[in-house]
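# Reading the structure
Spelled out from the first residue to the last, the chains are:
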Amino acid sequence: MYDELGHEYLDCINNVCHVGHCHPDVVEAGANQMQVLNTNSRFLHDNIVHLAQRLVESMPESLSVVFFTNSGSEANDLALQMSRHHTQHTDVITLERAYHGHLTSLIDLSTYKMNDMTDGVHRKPDFVHVAACADTYGGKYRDCDYPGEDLAQKYADDVKEIIESLTKQGRSLSCFIAESLQSCGGQIIYPQGYLQKVFKHVHDVGGVCIADEVQVGFGRVGSHMWAFQLQDAIPDIVTIGKPMGNGHPISAVITTKEISDSFRASGVEYFNTYGGNPVSCAIGLAVLNVIEKENMRENATKVGNYLMQKLREMQKNFPIIGDVRGVGMFVGADLVEDPTTRKPAVSEATYITHRLKEERILFSRDGPNRNVLKFKPPMCFTLENVDLLCDKLEMVFDEIKDGKHLNTNKSHKRQHTVGINGQTDSVTKKSKIAS
């Protein structure tokens, strides 16, 4: 990315511009379609059919019906609607730290946002139930506290207990919703088998399982196209968005014929003015083509593994790096004040992201304590980019070791860059994006 003065920034966080900023194939596809036709989606167009076919081909056989929307929030809201019509129930299980979108229906499920609200307007409804996030490093069941135990089972049992409590109350579950890997919650990689076990508990009582792939889909994990495939689990509904349009607003819900039929039988015809319009679908097809043509899944595995290797080497010299976890180009470094207690190193994480920005590297932190450095860049990220990032990271970790962060964190907090809609992570007020 470049600012208005031509300064170059290394983008380590933009999972929206999935195949690279202003990729020429994506730009050309959108421009060409706009010269021919763009209209609302009541008018049929080949692009919507072709994109739906391509998406279905990448999914398990049971996921065969596609509904197009404009954003991840819209997709998740529609998934909730479908679950309710299919089960005729409203109770939802979500995970702590979850973020599924900004709509009212989704803030209710998103403790990542709701826990920070102080005016009392949003409160968790009685039909929303929060299960423990399956974080084996800093969560309810830590690997250091339960050595050798099946933590996937322990976290899945947390969901089972909620279901059993609902049954005792005479209530029935509508759905379980979770990101296939939790992003805002701190780059969480669930223990193997977790989703498979949870999905069984949910299906045993007739509930619907929703996999939110809005942030982690489209080959980011490298070995698979979709992150839920890492767990050998098959959801009933998958929601996708963000990288789907490489910065252009398009998203989708993909579900089974049975759930689609239940939704249709509700009596209300689903319509979305721009969801699936010709230009959006042309861009979505171009993104899929680039992922294949440029072997971006293979690149994600190669680059992600290289980054984790370098971070683990750094960990030997800097015990502040408590945990390095990830898959493909989805990596987190959990910073701690003490490796034994695993107390989050919050001020240090703040210092690191600000110092990296001063070095013209865009990086972010997340998790419930905002102490996890998160890596989710465009999929064209290279090994050379990793080397540059790690050189700068090592420099900043050295500064922390020398205590330089103790005098500068306060000033960093005051030096936010003005952005759009109150955001503070943009490069400059007049920033522009270039390929």
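Below or above, wherever it landed, is the structure these notes cover. These figures come from a predicted structure and were not determined experimentally.

Scoring rules and cut-offs
Residues numbered from 1 in each chain as written. Predicted model: local features only at pLDDT ≥ 70, side-chain atom pairs only at ≥ 80, totals over all residues. Heavy atoms only, no water. Helix = DSSP H or I, 4+ residues; strand = E, 2+ residues; numbered from the N terminus. Rg over C-alpha atoms; globule rule 2.2 N^0.38 Å. Contact = heavy atoms within 4.5 Å. Pairing = 2+ DSSP bridges. Axes fitted to C-alpha atoms, helices over the stretch in contact; angles between N-to-C directions. Buried < 20%, exposed > 50% of the residue type's maximum accessible area, 1.4 Å probe, protein only. Expected span 1.5 Å × (residues − 1). Core = buried A, V, L, I, M, F, W, Y, C linked by side-chain atoms within 4.5 Å.

What follows covers the overall build of the chain. A tally of regular secondary structure across the chain gives 13 helices and 14 strands. For the chain, the C-alpha radius of gyration of 22 Å lies close to 22 Å, the compact-globule estimate for 435 residues. Taken along the three principal axes of its C-alpha coordinates, the chain extends 65 × 60 × 45 Å. In the chain, of all internal contacts separated by at least 6 residues, the share reaching a separation of at least 24 is 73%.

Within the open sheet, the seven strands sit side by side as 2-8-7-6-5-3-4. Their pairing is mixed. Lying at the two open borders of the sheet, with one neighbouring strand each, are strand 2 (65-69) and strand 4 (128-131). Neighbour to neighbour, the strand axes of the sheet diverge by 20 degrees on average, direction disregarded. Lying over the sheet, helix 3 (residues 72-87) contacts strand 2, strand 3 (91-95), strand 5 (173-179), strand 6 (208-212), strand 7 (237-240) and strand 8 (251-255), oriented at roughly 25 degrees with respect to strand 8.

Successive side chains on a regular strand alternate, one facing one side of the sheet and the next facing the other. The alternating pattern of strand 7 places Ile 237 and Thr 239 on one face and Val 238 and Ile 240 on the opposite face, and all of these are buried. The sheet contact formed by strand 6 and strand 7 spans three bridges and is parallel. Across the sheet, the residue bridging to Ile 210 is Ile 237, located in strand 7. As judged from the four bridges shared by strand 7 and strand 8, these two strands associate in the antiparallel manner. Within strand 8, the position partnered with Ile 237 by the bridge is Thr 255.

What follows is about helix 11 (residues 346-358). Helical geometry: 3.6 residues make up each α-helical turn, so side chains three or four residues apart lie on a common side. Taking 1.5 Å per residue, 13 residues should reach 18 Å; helix 11 reaches 19 Å between its end C-alpha atoms and fits that length. What helix 11 keeps buried is the set Glu 348, Ala 349, Thr 350, Tyr 351, Ile 352, Thr 353, His 354, Arg 355 and Leu 356. Within two residues after helix 11, Arg 360 carries a phi angle of roughly 65 degrees, on the positive side.

By size, the foremost hydrophobic cluster in this structure holds 69 residues, and its most contacted members are Leu 55 and Phe 397. The element contributing the most residues to this core is helix 9 (residues 278-293), with nine residues. Core analysis: the next-biggest nonpolar cluster, separate from the first, contains 27 residues, Cys 133, Tyr 141, Tyr 194 and Phe 199 among them.

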